[in-house]
Amino acid sequence: PNLRGRQGVKSLPAKNLAGTQSKTEQTKKSTEKVHTRALAALAALTDVMDQPLLTPASVALSLSPPRTPPYDSPVRKLYNDPTAARRHLAGILQARDDLNGGDASSDGGGGYQSHAIASRILQLTSDLKGLPLHPHIPSSLSLPVQLTRFLGATLPLEWQHSSRDGGSFRSIADNMVKLSCPMLGLSHVRQALEFASLTYGQEIGRCKPEQQCAERECRSKSVGHEEQYRHTNTNEGQRKSWSRKRIHYGAHPMQNVDLFLPSNSQSKLPVRGTLFFVHGGAWGSGHPWMYRLVASPFLKQNFAVVIAGYRTYPDAPTIDHQVADVRMAWDASHEAWDDLITECDDFFIGNIIMGHSSGAHVSLLMLIDWIGERIARGHNPLNAASPEDEPWRPDHYVGLSGVYDIGKHFDFEAGRGVEEISPLKPICGYTRQSFDDASPVKRLMALMRGIPDDVEQNLKRIPTIRDLMPKTLLVHGIDDSTVPFTSTTDCARSIRSLGIKVCDELYLTGTGHQDVIMHFMLGGPARSLVFDWLDDNRKGESSGSVLLSRL
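These figures come from a predicted structure and were not determined experimentally. Numbers given for residues are sequential positions, taken from 1 along each chain in its written order. Selection of residues for local features in this predicted model requires a pLDDT of at least 70, selection of side-chain atom pairs for listing and counting requires 80 or more, and totals for whole chains, interfaces and linings are taken over all residues. As a rule here, side-chain values cover all heavy atoms of the structure and leave hydrogens and water aside.

What's the story with the overall build of the chain in this structure? I'm lost.
For helices the rule is a DSSP run of H or I covering at least 4 residues; for strands it is a run of E covering at least 2, with both sets numbered from the N terminus onward. Helix and strand counts for the chain stand at 23 helices and twelve strands. For the chain, the residues scored as buried account for 48% of the 551 residues in total. Residue contacts are defined here by distance: any two heavy atoms, one from each residue, within 4.5 Å place the two residues in contact. Residue pairs in contact within the chain that sit at least 24 positions apart in sequence constitute 74% of those at least 6 positions apart. In these tables, accessible area is a Shrake-Rupley quantity obtained with a 1.4 Å probe, and a residue counts as shielded only by the protein chains included in the view. Of the accessible surface of the chain, which amounts to about 27,200 Å², a share of 55% is contributed by carbon and sulfur atoms. Exposure classes here rest on a 1.4 Å probe applied to the protein chains alone. A residue is buried below 20% of its type maximum, exposed above 50%, and partly exposed in between.

Hey, could you run me through unusual backbone geometry in this one?
Trans peptide bonds make up most of the peptide bonds, and negative phi angles are found at most residues other than glycine. In this structure, Pro 314 follows Tyr 313 across a cis peptide bond, with omega equal to 10°. Positionally, Pro 314 belongs in the loop between strand S7 (303-308) and helix H14 (319-340). With phi around 65°, Trp 283 is a residue other than glycine that occupies positive phi space. Take Trp 283: it is sitting in the loop between strand S6 (273-278) and helix H13 (295-300). The phi angle at Asn 302 is positive, at roughly 65°, despite the residue not being glycine. Residue classification places Asn 302 among the partly exposed positions, given a relative accessible area of 27%.

I'm lost on the pattern of salt bridges in this one. Help?
When the charged atoms of two side chains with opposite charge come close together, those side chains can pair. Every case where a carboxyl oxygen of Asp or Glu lies within 4 Å of a side-chain nitrogen of Lys or Arg is listed as a salt bridge. Under the counting rule described, the total for this entry stands at 21 salt bridges. One salt bridge connects Arg 246 with Asp 258, and the closest N-O pair in it is separated by 2.9 Å. In this pair, Arg 246 sits in strand S3 (residues 238-248) while Asp 258 sits in strand S4 (residues 256-261), placing the two residues twelve residues apart along the sequence. Take Arg 246 and Asp 258: they sit in the same class, and that class is buried.

Just to check I follow, could you spell out the layout of surface pockets for this structure?
Using only the protein atoms, space was sampled on a 1 Å grid; points where a 1.4 Å probe fits but cannot get out form cavities, open sets with protein on both sides within 12 Å along at least five of seven lines form pockets, and lining residues are those with an atom within 4 Å of a point. Grid points are joined across faces, edges and corners, and a volume is the space filled by probe spheres set on the points. Taken as a whole, the largest pocket holds about 1,500 Å³ of empty space. Along the wall of the largest pocket there are 50 residues; nearest its centre are Ala 173, Met 176, Val 177, Ser 285 and Gln 514. Those elements that place two or more of their residues in the lining of the largest pocket are helix H8 (143-154), helix H9 (157-166), helix H10 (168-187), helix H11 (189-199), helix H16 (406-416) and helix H22 (513-522). Residue composition of the lining of the largest pocket, by class: 26 nonpolar, 21 polar and three charged. For this classification, Asp, Glu, Lys and Arg are treated as charged, while Ala, Val, Leu, Ile, Met, Phe, Trp, Tyr, Cys and Pro are nonpolar and the rest, including Gly, are polar.

What should I look at first to understand helix H19 (residues 440-449) in this one?
The periodicity of an α-helix, 3.6 residues per turn, causes residues three or four places apart in sequence to face the same way. Taken as a whole, H19 has its buried residues at Pro 440, Val 441, Arg 443, Leu 444, Leu 447 and Met 448. The arc enclosing the buried residues of H19, seen along the axis, measures out at 160°, which places them on a common side. Directions pointing from the helix axis toward each C-beta atom define the arc.

Explanation requested: the environment of Pro 470 in the structure shown.
Relative to the helices and strands, Pro 470 is located in the loop between helix H20 (455-468) and strand S11 (471-477). A relative accessible area of 4% means that Pro 470 is categorised as buried. Put simply, Pro 470 and Asp 395 are 75 residues apart on the chain and 4.9 Å apart in space, counted from C-alpha to C-alpha. Leave out the neighbours within four places in its chain, and Pro 470 touches Leu 367, Pro 394, Asp 395, His 396, Tyr 397 and Val 502.

Would you mind going over the pairing of strand S10 (residues 396-400) with me for this structure?
Two faces, one strand: in a regular strand the side chains alternate between the faces of the sheet. Counting buried positions over the five residues of S10 gives five, a clear majority of the element. Alternating positions in S10 separate into two faces, His 396, Val 398 and Leu 400 on one and Tyr 397 and Gly 399 on the other, with burial throughout. Examined bridge by bridge, S10 and S11 share five bridges and lie parallel to one another. Paired with Val 398 across the bridge in S11 is Leu 473. Two strands form a pair only when DSSP identifies at least two bridges running between them.

Help me understand the packing of aromatic side chains, please; the structure alone is not making it clear to me.
How two aromatic rings sit relative to each other is set out by the distance from centre to centre and by the angle between their planes. Ring pairs shown here join Phe, Tyr and Trp side chains whose ring centres sit within 6.5 Å, with only the six-membered ring taken for Trp; geometry is labelled stacked below 30 degrees between planes, edge-to-face above 60, and tilted in between. Using the criterion set out here, one finds nine aromatic pairs in the structure. An angle of 90° between the planes, with centres 5.2 Å apart, marks the rings of Phe 276 and Trp 330 as edge-to-face. Note that Phe 276 is positioned in strand S6 and Trp 330 in helix H14, a separation of 54 residues in sequence. On the accessibility criterion, Phe 276 (0% relative accessible area) is buried. Judged by its relative accessible area of 3%, Trp 330 falls in the buried class. Aromatic pair Phe 298 and Phe 520: ring centres 6.4 Å apart, planes at 0°, arrangement stacked. With Phe 298 in helix H13 and Phe 520 in helix H22, this pair connects stretches of sequence that are 222 residues apart. Site record: aromatic cluster; members linked through ring pairs are Phe 298, Phe 303, Phe 520 and Phe 531.

What should I look at first to understand the environment of Ser 481 in this one?
Checked against the element boundaries, Ser 481 lands in the loop between S11 and helix H21 (486-497). Taking relative accessible area as the criterion, Ser 481 reaches 45% and is therefore assigned partly exposed. The sequence separation of Ser 481 and Thr 511 amounts to 30 residues, and the corresponding C-alpha distance is 9.9 Å. Beyond its immediate stretch of four places on either side in the chain, Ser 481 contacts Leu 61, Phe 412 and Arg 416.

Teacher, can you tell me more about a nonpolar patch on the surface here?
Patches here are clusters of residues that have more than 30% relative accessible area and form no salt bridge, with a 9 Å joining cutoff for like charges and a 5 Å cutoff for nonpolar side chains (Val, Leu, Ile, Met, Phe, Trp, Tyr). Together, Leu 147, Phe 150, Leu 151, Leu 155 and Trp 159 make up a nonpolar patch on the protein surface, roughly 480 Å² of accessible area in all. No other element matches H8, which puts three residues into the nonpolar patch. In this structure Leu 155 comes out as partly exposed when scored by relative accessible area, which is 31%.

In this structure, what is going on with the confidence of the model for the chain? I would like to understand it.
Where the model shows low pLDDT, its predicted coordinates should not be examined in detail. Every residue carries a pLDDT, the predictor's confidence in it, which falls somewhere between 0 and 100. Confidence along the chain averages 76 in pLDDT terms, with 65% of residues attaining 70 or more. Considering each helix and strand of the chain separately, the mean pLDDT is smallest for helix H1 (residues 6-10), with a value of 33, and largest for S10, with 96. Predicted confidence for residues 1-21 stays below pLDDT 50, and this span has 28 contacts to residues more than four positions away or in other chains. Under a pLDDT of 50 for its full length, residues 384-388 has, in the predicted model, two contacts with residues more than four places off or in other chains.

Help me understand the packing of H14 against helix H15 (residues 358-376), please; the structure alone is not making it clear to me.
Between two packed helices, what matters for the description is the angle formed by their axes and the separation of those axes. Here an axis means a line fitted to C-alpha atoms, over the contact stretch when the element is a helix, while the angle between two N-to-C directions is reported on a 0 to 180 degree scale. Their axes nearest at 9 Å, the elements H14 and H15 cross at an angle of 70°. The angle between H14 and H15 falls in the class roughly perpendicular. Together, Ile 319, Gln 322, Val 323, Val 326, Arg 327 and Trp 330 of H14 and His 361, Val 362, Leu 365, Met 366, Asp 369, Trp 370, Glu 373 and Arg 374 of H15 make up the contact between the two elements. Small angles under 35 degrees read as roughly parallel and large ones over 145 as roughly antiparallel, with 65 to 115 read as roughly perpendicular and the rest as oblique.

Here it is as structure tokens:
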């Protein structure tokens, strides 16, 4: 049953928990005790599992490709309607036999192989008597998937590729966000005012266009020319202020970050933590300004915030280019933080890396590459590293609705009919091997394996990775039809299998793909739960997390 709360559990009939009751009084008393204990156990369970996962949408998503055969395939039809599927297969066999004069092997190896497979399927399913093999697999597609599959099959392949590789896909996606901003502002006036204040602060310093801070020098320096803004806001008698600095870490217009500080102080500012946020956009769209409201709740809690920009496809031809951009943005932010902020003495949360959707994928790859670099430098967890050796070490990683296995997500996109227009395939390579190389968990596993023929080095490498991997929280909405929540489930299970100390999962009911990040921008459960998790896992403290896997 779907556990929706204590009241729902108490309404369960006794026969479902205790089985058939005996007529004797002793058996009745025993049954009552079992019933009472079962109710107490289920009530305690609902205290933890207060967010049910079993919904029609979550079941359909959990059984989406690659976990089930593709739609319209003979095997999928066999799942949904075995009788009709067997008639279909029998018709294929009969037609092939009639065509070849009863010899199934006369049309070559391929025909013989398909003939043998069809015969085997009929043999294995001869005793099913029309019962479906898996009753939970949906027999029909949802309307959005029907639409995307229709467009994917109707639009010429050349048009899809030219739109993807020529930047039209990015323009369409970005313009759709721009068009939605006015309507969003009308329905969320307070957040619209916050966005305006974060955008149009008082300008206190800006490089002149003719200066450009010597563009050639910007290419060689991690921090290029800067733009600074200052804003002061009075709220309920308390004076709150923030400042924004734009840092260009490369020559490309997309290679910049927005640094927000919760005060205008010119001296070093003590903060509760730092947030380095990487936006999503299917690897081919998105800009930092679209996610500027993410900084607002963190600024209110005295965090320094960086919204990182990076080259999207096709300006970044491969995933490694995007990872390199995010790494340069990370280094540039740290150089700025060294001059502007310091750790608060009390309740310092730590340094947080957070990404959404494809941004979660890119940021996790960057984090794993950072761990690999520290291993190459000879990091030893038994020796305390000085701040000079590892400045601004990440303490937390928060992935929101992320893609962590490229091969599986490509199969999911193929099920939706968007695999040819999506930038996933060109930016992550065109082969299964390149998909594996671009998958964060598989890259982490390869790093864990280390040097196969050197046992001593492996013994040093494994605890080093576990020491450097920050505390991890993966958040996903179970109604996410863009990236199924099973992406988070599989990733968390794989990370924990490597012995990583803290890797928690959080699933939200009635929450779609964009809803998770909108909770941070407009308010919602994802934001409050993530802040609670951060408070429970502050830097320097042992894991105090109470969040467990919901699956």
